[in-house]
Amino acid sequence: MGIDDAPLDDKAKRMRDLLSSFYSPDPAVSSSNSSKFASLDAINTSSFDADQYMNLLAQKSNLEGLLQKHVEMAAEIKNLDTDLQMLVYENYNKFISATDTIKRMKNNIVGMEANMEQLLEKIMSVQSRSDGVNTSLFEKREHIEKLHRTRNLLRKVQFIYDLPARLGKCIKSEAYADAVKLYTGAMPIFKAYGDSSFQDCKRASEEAMTTVIKNLQGKLSSDTESIQARAEAAVLLKQLDFPVDNLKAKLFEKLKQSLQDLHLKTEEILNVLPNSNDPSNPATTVDGSVHEFAEAIRAYRVIFPDSEMQLIKLSQDLITKHFEITEQYVKERTSVAKFLGVLRLIWRDVDLIDEVLHEAILPDYSLEAAQVVVKQYVASTFSHLLRDISDSLTVNVYIKQKEGEEEHPLQVALETSKNTMLQGSMDLLEDFRQLLDEDIGLLLKLRDSIVDWVQEGFQDFFRALDHHFLLLSGRNKLATQDRVLTEGMPVDKVLAGLVLVLAQLSVFIEQTAIPRITEVIATSFSGGGVRGFENGPAFVPGEICRIFRSAAEKFLHHYITLRTQRVSVLLKKRFKAPNWVKHKEPREVHMFVDLFLQELEATGTEVKQILPQGAIRKHRRSESNGSTASSRSNPLRDDKMSRSYTQRARSQLLETHLAKLFKQKVEIFTKTEFTQESVVTTIVKLCLKSLQEFVRLQTFNRSGFQQIQLDIQFLRAPLRETVEDEAAIDFLLDEVIVGASERCLDPIPLEPPILDKLIQAKLAKKREENAIAS
């Protein structure tokens, strides 16, 4: 009984261990402390203590909990029995399959031992026959190998005897590399047998190599040899164990001098074709020289392994010089195609040198210099556009108008400058777009910066254009940076017509040019952001529009001021020249009236060339009696004052003046619009106000007062035809007469018949002059 129980216990223990390993992924043995204080969940461990588990369970659970735990454990036991049964079934199938496999192997092994014995016999037979063949051919093989060694030795001996002649042929053909190769190959033999068997050959070979070394030294020191040829000569001398380290400083000096021939020349840049691969391109020769320089760098690194820093400096100096010359070149006007051709040439040199001297990091080194050059190119194109606009203005206004080449110079100047500004801006944007589309490594890295430079360039360009407009108009002092643009231009004598052109051009920039440019920039030059978002956008169209809107108004008012000042100078001369207290009786309309009308005619000619016509509206004032005549001239004519009633005439003039001031309100100065009628009307109003002020500063006798009355009455009709606000003009003309009467010692006006007679005489005289002129 005891004997049977032991195997049974062992079997049960093994099954329990198998089930425990199956259900517990980490069946680690708990320590003694953990077994002592095992929790209720430690039932699956190998150190499970049933009594301790029951005691803990009885202490922690009530009767209902114990019954529930009993039901759960019964269910788990049942599930475990089911799983064990399934595991047994599965293993049983595997045992059956393994048994079948063993049976098949047993059947296949039967007879294999006999076959192995036969194979061993055959192998032993082949080995014995092979040993017999080797034994029979051993003597012949030894003889053949001996003959082969003898043949090789004879070849070497023949090579040594032929070496002097071969070296002589290499010297004649200047194949010094082959000579060095042949001599270095014979050196081991000369070291071993040069003092005995091959003494003569060694001496002749050394003499030949002395000549080779001398010629190589000559190549190394020659200024006519290329950099690559010098480097090859140095390599060959080093292979001959010739001390070349003492030539290091001299070689680098030669290499540094040779860089002068590799620098881009201005004339070469000017002749660079857009296609850098064209054989006729002068840059092809430069590129070949740079290729030789790259090969020289490769050779120098072999000759002087510690020369890396010097070579890096030379390479960087070469690229720096390229960019410095290009920087000088881009200051002149050049096409974008040529500029891109120069950049391709420089980038190709960078690639050539970078292949042999990657430590120089030339692509990154050249990026900063390229940034300066490209930025300067963008800035120079804007400068050239500014110059073109300035020339289109000054040439047509100052030169062609002076020489009389154009019938309407101001109109030509305006249209030319409009086209130059807008088309030039579009051409600039197209050129800048080519910079963005180019696949040169430098430009690809600078793409975002180029976008910012273009936007900043337009912002600065329009600010500079506004500044230059102020300079041309005479409203700004001559700045140093503008001396080139204004060279040869009479800044102190600004033409009023040019100011009017600037006013209308500013309107065109605000309303047409800025929207067009903004649209193209938004389409093709969006992005950027290198300058930082905290700095705000690079191009602000709204700000530029505000600048030129304000500039247009300033120029228009400045034009009006210039024209008014010319008339003021005329009036000043008119009123300061005569002695008005001793003025003679008027015989005709004074000539200053003709000059005044000529100035207005010149103003009308200018505004008709530049400004559009406005809506035709004549401001006529209606009198209480229905008359459209002057409010102050009618009483003068109707009253028919006699000379004997001087005080009565003066009082009536004053009473009439005061009555009209309260009876009628006339708006004199209104906002000036960009139309022909508005500008001319404003100028006439200002001139009449100046005339009124000059009148109030004088003292007149009767004749002087009558002369003023005659001149003003003659001006009334032509001024009405010129201006759009007749009411204001009538009012101002009346103000002049009243002002003269107030300053007159004896304000007796001319009688209407005499006034009309003098006016008709003047009109008839003008018709005769016009007929003669035509």
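Residues numbered from 1 in each chain as written. Predicted model: local features only at pLDDT ≥ 70, side-chain atom pairs only at ≥ 80, totals over all residues. Heavy atoms only, no water.

In the annotation of an unreviewed UniProt entry, the protein chain is listed under the name Vacuolar protein sorting-associated protein 51 homolog and assigned to Jatropha curcas. The Subunit (unreviewed entry) field of the UniProt record for the protein chain holds the comment "Component of the Golgi-associated retrograde protein (GARP) complex." Looking at the protein chain in UniProt, the text filed under Subcellular location (unreviewed entry) is "Golgi apparatus, trans-Golgi network". (UniProt positions renumbered as here; feature names shortened; annotations may be inferred.)

Draft legend 1. Examining the overall build of the protein chain more closely. When you go through the protein chain residue by residue, the secondary structure sums to 26 helices and zero strands. Burial statistics for the protein chain: of 774 residues in total, 41% are counted as buried. In the protein chain, of all internal contacts separated by at least 6 residues, the share reaching a separation of at least 24 is 79%. For the protein chain, the exposed surface amounts to about 44,500 Å²; the carbon and sulfur share of it is 54%. (Helix = DSSP H or I, 4+ residues; strand = E, 2+ residues; numbered from the N terminus. Buried < 20%, exposed > 50% of the residue type's maximum accessible area, 1.4 Å probe, protein only. Contact = heavy atoms within 4.5 Å. Areas by Shrake-Rupley, 256 points an atom, 1.4 Å probe, with all protein chains shown as cover.)

Draft legend 2. Representation of a nonpolar patch on the surface within the structure. On the surface, Met105, Ile109, Met112, Met116, Leu119 and Ile123 cluster together to form a nonpolar patch covering roughly 600 Å² of accessible area. At the level of secondary structure, the elements contributing two or more residues to the nonpolar patch comprise helix H4 (63–109) and helix H5 (112–172). Among the elements that line the nonpolar patch, the one with the most residues is H5, at four residues. Assessed through its relative accessible area of 45%, Met112 is described here as partly exposed. (Patch = residues over 30% accessible without salt bridge, like charges linked within 9 Å, V, L, I, M, F, W, Y side chains within 5 Å. Salt bridge = Lys/Arg side-chain N within 4 Å of Asp/Glu carboxyl O.)

Draft legend 3. Up close: the confidence of the model for the protein chain. This prediction gives the protein chain a mean pLDDT of 76; 75% of its residues lie at or above 70. Contacts for the low-pLDDT stretch residues 478–492, under 50 throughout, to residues beyond four places or in other chains number 22 contacts. (pLDDT = per-residue confidence, 0-100.)

Draft legend 4. Seen up close, the pattern of salt bridges. Summed over the entire model, instances satisfying the criterion amount to 18 salt bridges. Ionic pairing is found between Glu510 and Arg549, a salt bridge with its closest N-O pair at 2.9 Å. Here Glu510 is found in helix H18 (residues 496–524), whereas its partner Arg549 is found in helix H19 (residues 541–576), with 39 residues between them in sequence. Note on Glu510: relative accessible area 15%, which makes it buried. Take Arg549: its relative accessible area is 38%, and that puts it in the partly exposed class. One network of salt bridges, with partners in common, ties together Arg563, Arg566, Glu599 and Glu606.

Draft legend 5. Focus on the environment of Leu446. With respect to the helices and strands, the residue Leu446 is situated in the loop between helix H16 (441–445) and helix H17 (447–472). Assessed through its relative accessible area of 3%, Leu446 is described here as buried. Along the primary structure Leu446 and Ala370 are separated by 76 residues, whereas in three dimensions their C-alpha atoms are 8.6 Å apart. With near-sequence residues (within four places) excluded, Leu446 lies in contact with Leu367, Ala370, Gln371 and Val374.

Draft legend 6. Molecular detail of the nonpolar core. Formed by 138 residues in total, the largest nonpolar core has its most connected members in Phe462, Leu465, Phe469 and Ile509. Contact partners of Leu465, with chain neighbours within four places excluded, come to Leu386, Ile389, Met421, Ile509 and Phe548. Counting residues in each nonpolar core, the second largest holds 26 residues, with Ile160, Ala175, Leu182 and Cys201 among its members. (Core = buried A, V, L, I, M, F, W, Y, C linked by side-chain atoms within 4.5 Å.)

Draft legend 7. Highlighting the packing of aromatic side chains. For the structure on display, the rule yields 13 aromatic pairs. When the centroid spacing of 6.0 Å and the interplanar angle of 85 degrees are considered together, the rings of Phe462 and Phe548 count as edge-to-face. Of this pair, Phe462 sits in helix H17 while Phe548 sits in helix H19, and the two are 86 residues apart along the sequence. A ring pair is formed by Phe469 and Phe548, whose centres lie 6.3 Å apart and whose planes are at 80 degrees; its orientation type is edge-to-face. In this pair, Phe469 sits in helix H17 while Phe548 sits in helix H19, placing the two residues 79 residues apart along the sequence. Take Phe548: its relative accessible area is 1%, and that puts it in the buried class. (Phe/Tyr/Trp six-rings, centres within 6.5 Å; stacked < 30°, edge-to-face > 60°.)

Draft legend 8. Structural detail: the side chain of Lys418. Position of Lys418 among the secondary structure elements: in helix H15 (residues 409–437). We note that Lys418 is buried and unpaired, the nearest opposite charge coming from Glu415 at a distance of 4.1 Å. Residue contacts for Lys418: discarding those within four places in its chain leaves Leu505 and Phe508. (Lys, Arg positive; Asp, Glu negative; His and termini not counted.)

Draft legend 9. Region of the structure containing the side chain of Ser678. Of note, Ser678 is situated in helix H23 (residues 676–696). Side-chain polar atoms of Ser678 contact the backbone nitrogen of Glu673, separated by 2.8 Å. Once residues within four sequence positions are removed from consideration, Ser678 is found in contact with Lys671, Thr672, Glu673 and Glu724. (Polar contact = N/O pair within 3.5 Å; in protein donor to acceptor, adjacent residues only side chain to side chain.)

Draft legend 10. Just unusual backbone geometry, in detail. In this structure, Ile361 takes a positive phi of about 50 degrees despite not being glycine. In this structure, Ile361 sits in the loop between helix H13 (336–356) and helix H14 (362–403). Residue classification places Ile361 among the partly exposed residues on the basis of a relative accessible area of 43%.

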